[in-house]
Amino acid sequence: MGGPAGSWRRLSDSEGEETASDPQPPLLDHQGAHWKNAVGFWLLGLCNNFSYVVMLSAAHDILSHEKVPGNQSHVDPGPTPTPLNGSSRFDCNSVSTAAVLLADILPTFGIKLLAPLGLHLLPYSPRVLVSGLCAAGSFILVAFSHSVGTSLCGVVLASISSGLGEVTFLSLTAFYPRAVISWWSSGTGGAGLLGALSYLGLTQAGLSPQHTLLSMLGIPVLLLASYFFLLTSPEPQDPGGEEEAEIAAQQPLIGTTASGSKPGSSSGLSLQERWTVFKVWMVAVFELLFFRNTSLSHAQQYRWYQMLYQAGVFASRSSLHCCRIRYTWALAVLQCLNLAILLADVWFSYLPSIYLVFLIILYEGLLGGAAYVNTFHNIALETSDEHREFAMAAACISDTLGISLSGLLALPLHDFLCHLS
């Protein structure tokens, strides 16, 4: 069952072709396939979420000023935002960065919500190709945009890429050993850290946001290469042979009943599992946590917040082999406490140093990443092989719904706080 991933997908896309059964691979080939799939899913997680994270890191730049032709070679040390209220004690943009979050998440939510209804009509390969093209288009459109509206259209493309890719690749994990879930989760965490860190580092070094975004066009190429040339043929879910895996690959996300469930396994997802991935995404709070007694500008502080959050996410999403959490609802409770602490600081300004905020945001990232990887790991353990593909795709919806709701709540919260004298 060796060979590149593209071979089995092309076979699954063209009906009527017959495949010859391969002899049992030797142990070394099996180990090689294991590491190819592990690295492949890590890279897919990295590349799939990269554009999504970069757009969040660039949110303050997208909203704070419009690019002027002929003056794009360097980043302004601190673009002057347009305040909502001249008497406000906050340094506010006229539009909350939650607007970028919504443009970055609502298309993803729509894709995940509608995927079980019709996405099975499209095989895996075209979906991955569309995802890669949308990611590249998002970088180009935002880089050359001269208005907030056009930039938000580019953010929407990044959202389409991320949403379509996540549903596709999480469904694909059903045809591989369960270990690939932890590699995928670690890769998505790596996307957060590398995406935020690369944007922060390149802009801090003096590169313009435009050139920073254009330098990231290699990421969609890496995604396509990882899928088509790195992954091996999937293992069938039972001794029926590779043909059943190929047939299943043509029918992802179908919620029909399946026979032969494992004893003691659950075909559905509990309410706890559907909602424990709920993220209290503190976009409006991040934007309003502005310390004036520091050398960092407002835009630079926002980029540091994003980078530290994503660093925490990466660490915890890569920790499944070291630490597993069954009661993931406790993580959501701790995230709510973090939100209360930071909201109180926005209101009362009681934290004496920005470095304390840095620690809290890093801790918040650890909680969010742990909730993600442990929830999907628990689903993989508690669902049968026949139901796992659908369960993985359906569980994505709860994560995105939580982010969407927090973005909607952040808009009026931003306006309310910015109008305070």
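What counts, and at which threshold
Residues numbered from 1 in each chain as written. Predicted model: local features only at pLDDT ≥ 70, side-chain atom pairs only at ≥ 80, totals over all residues. Heavy atoms only, no water. UniProt positions renumbered as here; feature names shortened; annotations may be inferred. Helix = DSSP H or I, 4+ residues; strand = E, 2+ residues; numbered from the N terminus. Buried < 20%, exposed > 50% of the residue type's maximum accessible area, 1.4 Å probe, protein only. Areas by Shrake-Rupley, 256 points an atom, 1.4 Å probe, with all protein chains shown as cover. Phe/Tyr/Trp six-rings, centres within 6.5 Å; stacked < 30°, edge-to-face > 60°. Expected span 1.5 Å × (residues − 1). Arc of directions from axis to C-beta. Salt bridge = Lys/Arg side-chain N within 4 Å of Asp/Glu carboxyl O. Polar contact = N/O pair within 3.5 Å; in protein donor to acceptor, adjacent residues only side chain to side chain. Core = buried A, V, L, I, M, F, W, Y, C linked by side-chain atoms within 4.5 Å. Axes fitted to C-alpha atoms, helices over the stretch in contact; angles between N-to-C directions. Parallel < 35°, antiparallel > 145°, perpendicular 65-115°, else oblique. Left-handed = near helix turned anticlockwise from the far one by under 90°. Nonpolar A, V, L, I, M, F, W, Y, C, P; charged D, E, K, R; others polar.

Under an unreviewed UniProt entry, the name given to the chain is Battenin, and the source organism is Microcebus murinus. Note on the chain: under the UniProt heading Sequence similarities (unreviewed entry), the record states "Belongs to the battenin family."

For the rest of this paragraph, the subject is the overall build of the chain. Looking only at helices and strands, the chain features 16 helices and zero strands. A burial count over the chain gives 52% of its 421 residues as buried. Of the roughly 17,300 Å² of accessible surface on the chain, 67% is carried by carbon and sulfur atoms.

All right, on to the packing of aromatic side chains then. Aromatic ring pairs are defined here through the distance separating the ring centres and the angle between the ring planes. Enumeration according to the criterion identifies nine aromatic pairs in this entry. When the centroid spacing of 5.2 Å and the interplanar angle of 75° are considered together, the rings of Phe 41 and Tyr 176 count as edge-to-face. Note that Phe 41 is positioned in helix α2 (residues 27–57) and Tyr 176 in the loop between α6 (148–172) and α7 (179–204), a separation of 135 residues in sequence. Each member of the pair Phe 41 and Tyr 176 is classed as buried. A centroid spacing of 5.9 Å and a plane angle of 70° characterise the contact between Tyr 305 and Phe 358, whose relative ring orientation is edge-to-face. You can see Tyr 305 sitting in helix α13 (residues 298–317) and its partner Phe 358 sitting in helix α15 (residues 354–382), a full 53 residues away along the chain. Considered together, Tyr 305 and Phe 358 belong to a single accessibility category, that of buried residues. Pairwise contacts between aromatic rings join Phe 169, Trp 184, Tyr 227 and Phe 228 into one cluster.

This brings us to the UniProt feature "transmembrane region" (unreviewed entry) in the chain. Mapped onto this numbering, the UniProt entry gives "transmembrane region" (unreviewed entry) at residues 98–122, 128–145, 152–175, 181–200, 212–230, 327–348 and 354–373. The annotated region residues 327–348 carries 91% helix and 0% strand content, and the separation between its end C-alpha atoms amounts to 33 Å.

Now for α7. In this model, α7 (26 residues) spans 37 Å end to end at C-alpha, consistent with the 38 Å of a helix rising 1.5 Å per residue. At the exit of α7 stands Gly 206, carrying a positive phi of roughly 110°.

All right, on to helix α9 (residues 218–230) then. Regarding α9, the residues found buried are Ile 219, Pro 220, Leu 223, Ser 226 and Tyr 227. Down the axis, α9 shows its buried residues gathered within 120° of arc, on one side only. Exposed residues on α9 whose side chains face more than 90 degrees from its buried face are Val 221 and Phe 229.

What follows is about the pattern of salt bridges. When charged atoms on two side chains of opposite charge get close, those side chains can pair. Applying the stated rule across the entire model yields two salt bridges. Note that Asp 61 and Arg 303 form a salt bridge whose closest N and O atoms lie 2.8 Å from each other. Here Asp 61, found in helix α3 (residues 59–64), pairs with Arg 303, found in helix α13; they are 242 residues apart in sequence, far enough to count as distant. Look at Asp 61 and you get buried, because its relative accessible area is 6%. Note on Arg 303: relative accessible area 4%, which makes it buried.

This paragraph deals with the environment of Tyr 302. As for its position among the elements, Tyr 302 is in helix α13. For the pair Tyr 302 and Asp 61, spaced 241 residues apart in the sequence, the C-alpha separation amounts to 9.7 Å. Only 3.5 Å separates the side chain of Tyr 302 from the backbone oxygen of Leu 56, close enough to count as a polar contact.

Counting 43 residues, the largest nonpolar core has Phe 41, Leu 44, Phe 169, Leu 172, Tyr 227 and Phe 376 as the members making the most contacts within it. Ranked by residue count, the leading element in this core is α2, at six residues. Leu 101, Ile 105, Leu 193 and Ile 360 belong to the second-largest nonpolar core, a separate cluster that totals 31 residues.

Axes are the key here: two packed helices are described by the angle between their axes and the distance separating the axes. Taken N-terminus to C-terminus, the directions of α7 and α13 make an angle of 160°; their axes are 8 Å apart at the nearest point. Here α7 lies roughly antiparallel to α13, going by the angle between them. For α7 against α13, the interelement crossing comes out left-handed. Looking at the contact of α7 with α13 residue by residue, the class counts come to ten nonpolar, twelve polar and two charged.

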